[in-house]
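Observations on the model geometry
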Amino acid sequence: MSRRKKGTEPPEEPEETTPEPSRAAGGCVLAVLVLGLTAALFAMLGTLAVLIVWAVGAVALRRAAKSVPSAANPAPPPVPEGAGNANTQFTVVEDRPGHCTVVWSKGAPE
């Protein structure tokens, strides 16, 4: 016979919660679906599937090239004071046959 102490209750078990779906799991499922569809496309269409993949890649590349923000090509830095009036000249000098050198020189300010 076992005796139970009065006032002692068995510890409560924690409630089971359902885990939330993770983004990684969703990404894996999406990747498997895309790879499966691509494999089916290649199996059914052969050479045409390769052309379709090239076309999709070209469209994606063109779209990415068009979406480059204009801020990626900023204006050139301002010219330092006094340098704006200088007249820059260059001369092409042929050092030896088939080899030319460009010699830059700043002229007098206008």
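Residues numbered from 1 in each chain as written. Predicted model: local features only at pLDDT ≥ 70, side-chain atom pairs only at ≥ 80, totals over all residues. Heavy atoms only, no water.

Re the overall build of the protein
What the protein contains, in helices and strands, is two helices and two strands. In the protein, the succession of α and β elements from N to C terminus is α-α-β-β. The buried share of the protein, reckoned over its 110 residues, is 1%. Intrachain contacts of the protein at a sequence separation of at least 6 include 5% that bridge at least 24 residues. Carbon and sulfur atoms form 63% of the exposed surface of the protein, whose accessible area is close to 11000 Å². (Helix = DSSP H or I, 4+ residues; strand = E, 2+ residues; numbered from the N terminus. Buried < 20%, exposed > 50% of the residue type's maximum accessible area, 1.4 Å probe, protein only. Contact = heavy atoms within 4.5 Å. Areas by Shrake-Rupley, 256 points an atom, 1.4 Å probe, with all protein chains shown as cover.)

Some details on the packing of helix α1 (residues 23–45) against helix α2 (residues 47–66)
As a packed pair, α1 and α2 sit with axes 6 Å apart at the nearest point and diverge in direction by 135 degrees. One finds that α1 runs oblique with respect to α2. On the side of α1, the interface is formed by Leu-41, Phe-42 and Leu-45, while α2 contributes Thr-47, Leu-48, Ala-49, Val-50, Ile-52 and Val-53. Of the residues assigned to the contact of α1 with α2, the class counts are eight nonpolar, one polar and no charged. (Axes fitted to C-alpha atoms, helices over the stretch in contact; angles between N-to-C directions. Parallel < 35°, antiparallel > 145°, perpendicular 65-115°, else oblique. Nonpolar A, V, L, I, M, F, W, Y, C, P; charged D, E, K, R; others polar.)

A word on a nonpolar patch on the surface
A cluster of nonpolar side chains, Met-44, Leu-45, Leu-48, Leu-51, Ile-52 and Val-56, forms an exposed patch at the surface whose accessible area comes to about 580 Å². Where the nonpolar patch is concerned, the elements lending two or more residues are α1 and α2. Broken down by element, the residue count for the nonpolar patch peaks at four residues, all from α2. Among the secondary structure elements, Leu-48 is positioned in helix α2. Judged by relative accessible area, which is 45%, Leu-48 ranks as partly exposed. (Patch = residues over 30% accessible without salt bridge, like charges linked within 9 Å, V, L, I, M, F, W, Y side chains within 5 Å. Salt bridge = Lys/Arg side-chain N within 4 Å of Asp/Glu carboxyl O.)

Comments concerning α2
Between its first and last C-alpha, α2 extends 29 Å over 20 residues, near the 28 Å set by a 1.5 Å rise per residue. Here α2 lies mainly on the outside; one of its 20 residues are buried. (Expected span 1.5 Å × (residues − 1).)

Quick word on the pairing of strand β2 (residues 99–106)
As paired strands, strand β1 (residues 88–96) and β2 are joined by eight bridges and run antiparallel to one another. The residue of β2 that forms the bridge with Val-92 is Val-102. The hairpin turn running from β1 into β2, its antiparallel successor, is two residues long, and Gly-98 in that turn takes a positive phi close to 85 degrees. (Pairing = 2+ DSSP bridges.)

A few points about the confidence of the model for the protein
For the protein, the average pLDDT comes to 77, and 73% of its residues sit at 70 or higher. Highest mean pLDDT in the protein belongs to α2 (89); lowest belongs to β1 (80). (pLDDT = per-residue confidence, 0-100.)

Quick notes on α1
Spanning 23 residues, α1 covers 33 Å between terminal C-alpha atoms, matching the ideal 33 Å at 1.5 Å per step. Downstream of α1 by a residue or two, Gly-46 has a phi angle that is positive, lying close to 65 degrees.

A short note on the environment of Asn-87
Tracing the backbone shows Asn-87 in the loop between α2 and β1. For Asn-87, a relative accessible area of 30% gives the class partly exposed.

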